[in-house]
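# Examination of the molecular architecture
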Amino acid sequence: MTPLARRLPRGGRVGRRLGSVASAVSAVSTKELRGRMRGRRAFVVVTVYLLLLSAFAFGIYTYLKQASGLVATDPGMGFPRPMPMPGYGVAEAGLAASIGHGLFGGLLMVETLLVLLLAPAFTSGAISIEREKQTLDLLVTTPLSTTGMVVGKLVSALTYVFLLIVASIPLASLVFVFGGVGPEDLVRGYLFLFALAFGMGALGLFVSALLKRTQSATVLTYVIVLALTLGTAGLHQFLVVTTQSSSGGSIISQQRHRAPEALLWLNPFVANADLICATTPNSYHETCAYLSRVTGRPYFGSQWSGGVVDVPIDAPAAAPPVEAQHGAAVGRLPLAATSSIGFGFPRDTFWPKSAAAFTVLGLLSTVLAAQLVAPSRRLRIRRPIRRNVVLVSTEPAADVVRDEIEELDPANGPTTETVTDEP
Amino acid sequence: MSAVVRIDRLTKRYGSSLAVAGIDLSVEQGEIFGLVGPNGAGKTTTLKMLATLLVPNAGDAEIGGHSVRREPDAVRRVIGYMPDTFGVYDDMRAWEYLDFFGRCYRLPAARRRQMINDLLDLVDLAHKREAYVHELSRGMQQRLCLAHALVHDPQVLLLDEPASGLDPRARVELRELLRELRALGKTILISSHILPELEELCTSLAIIDHGRVLAAGRVEEISHRFRAGGVYLLRMVGNTGVDQAEAALSQLPEVVSVNRRPDGLLEVALSGDEESAAAVLAQLVGAGVRVVTFSQAASDLEELFLQITDVSPATDHGAGVNEEAYA
């Protein structure tokens, strides 16, 4: 990354500033990664993580196969054939699609949970530990740009989280074997995971810069994580219930007084629901129903589940694009495709907003963290400045300080004389 | 010679307490300037303001012509700072530690390699190049931290209690190292609560207490200024000799106080210069007192320091005496 820093333009003030940030990012992230990737630990963690994820995926597979009541008749491993071939039963193809769908959903949620737990774990100590170990002063007295320093910390922490995410891609690609989930679904899922990792990592960094102790920073970060997941979902549900009861349960007013959707933008599991809903082989799925309630978009359940939810009144024109989007999906099984014509839930209604929200959260947290680390810059949250501010800022007050000093210190000469006479 | 560091009415408050109450000092190029004072005198706060870690409430300081208030970034390039307490990173080798700070100062890779070799040699850690920083001994970490402050070849070194926690041998080595650095043309500001430690090393001193400068100047000047009216230790032959001497001394106008110590020595505080001390001795001998020893108490500056800084004997005095044994 150092060559990058050198290649940046040095001419203008902006160029120089960028150059100093880039070199700081490079210095700090190199240092952090040297420590983090040293020895076997980092690689053992990746291995264990992949083993657990594989075990989980296998668990979902076994469960779905048995729950469906259909036992694959293949000899050997008991895996269904990769693609529905001529002569291959429609029921089996449907089973494969629902296994693919279940596997995708399960892996997405587990990885979301892991990112939610790991990203803050790597960053919530990043700055407070420098304070605790008394190394921060050494850094601040260098001309290192504080923004660069904070970004460098974030880059090194995220590099590792991203490594874990990327390492799971081959495992997640297993869903292609079953069908029902296209590459575009997987790409969306991973884009969301990266945005989530950035947002949560930066949030941890901000809390780490805000609080003095690593312990309290970690606790506060996880309290925020809890609030973002269970908290927002609970509050949203509460608002749904209260608006319903106050508006008399009429469907129209229900649409008008929907609980604010933005409340759930930072809830990664609602975004998960959107991504999972898009891969559902049957036209009805709980996730789609929930999203319909959240976004107020129409959703017609399918024939067999009977789950017609949130009948739309003021937005009937949504059906055609739905069909177009689903038709364009690559690799979708015929069964799933046919059953979703005219039904189903539109793609990308929620998760892009959520990903954008996490990105904004990440950017905001990074900027604030950099402000908090700087010793003498614009913003000062941690140390409440009392009357000394007033003393410095106004001229007559500064004189007061001087008078006080003179009062305390009757100049150097006389002091020493009186002292020598003392004994 | 020109002043490299100029401190002008520097003031820092913490809430209602005045940690540094308007300090004025100037340090010339190539000096080793000692800041001495008991714990809590404001030494660390002063150095932190010079190192741009704290913003002064009033006053200003210039280092190499740059104001710590207005141009902290410029100041950071001319100073090397070593805090009184510092930590080291885990999972980092000695050379990586210096490499990291070299990157912080944006030194190009080739110069960094050269600098790492030179500095490890200078602080005598070349054989610990690949050792983990957190596994080094305290003295080695201290030397490595000093090396970190030299990474960008700064004009001015700010060293906050660099010798604290070191064994006598490491202290001697540190002193040698600082002399070497001075020979290289660095200006060094060093703080300590142990006066003898600085007395041998420094060219100038400032004695600080309660955030104020009580005395400042070149070491010879200060000790000369306070040589007048020193404390002398007298030993006489037998107890009768001590009684005699006590009686004779109480008659003399130069004598400020006489104190009989349990070990049979007399501690006599005199006013006036060395002439009057000689006169006191002559008068004692003339009065028939059999004087065996007539010597100045261990360190004039140490005595002076204890007097003018008015330390509570329970804590700081005790610590000072213990440390003295090491130095």
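Remember, predicted model here, so these are calculated numbers, not experimental data. (Residues numbered from 1 in each chain as written. Chains lettered and ligands numbered in written order. Predicted model: local features only at pLDDT ≥ 70, side-chain atom pairs only at ≥ 80, totals over all residues.)

## Quick notes on the overall build of chain A
Within chain A one finds 20 helices and zero strands. The 423 residues of chain A split such that 41% are buried. Considering only contacts within chain A whose residues lie at least 6 apart along the sequence, 76% involve residues at least 24 apart. (Helix = DSSP H or I, 4+ residues; strand = E, 2+ residues; numbered from the N terminus. Buried ≥ 20, exposed ≤ 12 C-beta atoms within 10 Å, placed from the backbone. Contact = placed C-beta atoms within 7 Å.)

## Comments concerning the nonpolar core
The nonpolar side chains of soluble globular proteins are, as a tendency, buried together. If you look at the biggest cluster of nonpolar residues, it comprises 165 residues, and the most contacted ones within it are Val115, Val161 and Ala197 of chain A together with Leu158 and Leu189 of chain B. The element that contributes the greatest number of residues to this core is helix 10 (residues 183-210) of chain A, accounting for 14 residues. Ignoring anything within four residues of it in the chain, the contact list for Leu158 of chain B reads Leu47, Leu50, Ala51, Ile79, Tyr81 and Leu189 of chain B. Listed in part, the 13 residues of the second largest apolar core include Leu234, Met236, Leu266 and Val289 of chain B. (Core = buried A, V, L, I, M, F, W, Y, C linked by C-beta atoms within 7 Å.)

## Re the sheet that holds strand 4 (residues 58-63) of chain B
Spatial strand order, 2-1-4-5 (chain B): four strands in an open sheet with antiparallel pairing. Only two strands of the sheet have a single neighbouring strand rather than two, namely strand 2 (17-28) and strand 5 (66-67) of chain B. (Pairing = 2+ DSSP bridges.)

## Details of the packing of helix 2 (residues 13-36) of chain A against helix 7 (residues 146-167) of chain A
All names here are of chain A. Following both chains from N to C, one finds helix 2 and helix 7 inclined at 40°, their axes separated by 7 Å at the closest point. Our classification of the angle between helix 2 and helix 7 gives oblique. As for the relative orientation of helix 2 and helix 7, their crossing is right-handed in sense. Listed contacts from helix 7 to Ser20, Val21, Ala22, Ser23, Ala24, Val25, Ala27, Val28, Ser29, Glu32, Leu33 and Arg36 of helix 2 are Thr147, Gly148, Met149, Val151, Gly152, Lys153, Val155, Ser156, Thr159 and Tyr160. Looking at the contact of helix 2 with helix 7 residue by residue, the classes come out as eleven nonpolar, eight polar and three charged. (Axes fitted to C-alpha atoms, helices over the stretch in contact; angles between N-to-C directions. Parallel < 35°, antiparallel > 145°, perpendicular 65-115°, else oblique. Left-handed = near helix turned anticlockwise from the far one by under 90°. Nonpolar A, V, L, I, M, F, W, Y, C, P; charged D, E, K, R; others polar.)

## A look at unusual backbone geometry
Residue and element names in this part refer to chain B. The phi dihedral of Asp124 is positive, around 60°, even though this residue is not glycine. Within the element layout of this structure, Asp124 appears in the loop between helix 4 (109-122) and helix 5 (138-149). Non-glycine residue Glu161 carries a positive phi angle of around 50°. Structurally, Glu161 is set in the loop between strand 7 (156-160) and helix 6 (168-183).

## With respect to the sheet that holds strand 13 (residues 266-270) of chain B
All names here are of chain B. Here we have four strands laid out as an open sheet, ordered 12-13-11-14, and antiparallel in their pairing. Two strands in the sheet have a free side with no partner beyond their single neighbour: strand 12 (255-260) and strand 14 (291-296). Taken over all neighbouring pairs, the strand axes of this sheet differ in orientation by 20° on average, direction set aside. The pairing of strand 12 with strand 13 spans five bridges and is classified as antiparallel. Across the sheet, Val255 pairs through a bridge with Leu270, a residue of strand 13. Sitting on the sheet, helix 9 (residues 238-251) is in contact with strand 11 (231-236), strand 12 and strand 13, with an inclination near 160° to strand 12. Sheet strands in contact with helix 10 (residues 274-286) are strand 11, strand 12, strand 13 and strand 14, and its direction is about 170° off that of strand 14.

## Details of the environment of Arg261 of chain B
Structurally, the position occupied by Arg261 of chain B is in the loop between strand 12 and strand 13. For the pair Arg261 of chain B and Leu233 of chain B, spaced 28 residues apart in sequence, the C-alpha to C-alpha distance is 9.8 Å.

## Here we look at the confidence of the model for chain B
All names here are of chain B. A residue-level look at chain B finds 88% of positions with pLDDT of 70 or above and a mean pLDDT of 83. Note on residues 311-327: pLDDT is under 50 here. Beyond four places in sequence and across chains, it has 18 contacts. Interface scoring of the predicted complex returns ipTM 0.71; its pTM is 0.69. (pLDDT = per-residue confidence, 0-100.)

## Concerning the packing of helix 10 of chain A against helix 13 (residues 268-277) of chain A
All names here are of chain A. Relative orientation of the contacting elements helix 10 and helix 13 amounts to 170°, with a least axis distance of 10 Å. Relative to helix 13, the element helix 10 is oriented roughly antiparallel. Between helix 10 and helix 13, the residues in contact are Asp185, Arg188, Gly189, Phe192 and Leu196 and Pro268, Ala271 and Leu275, respectively.

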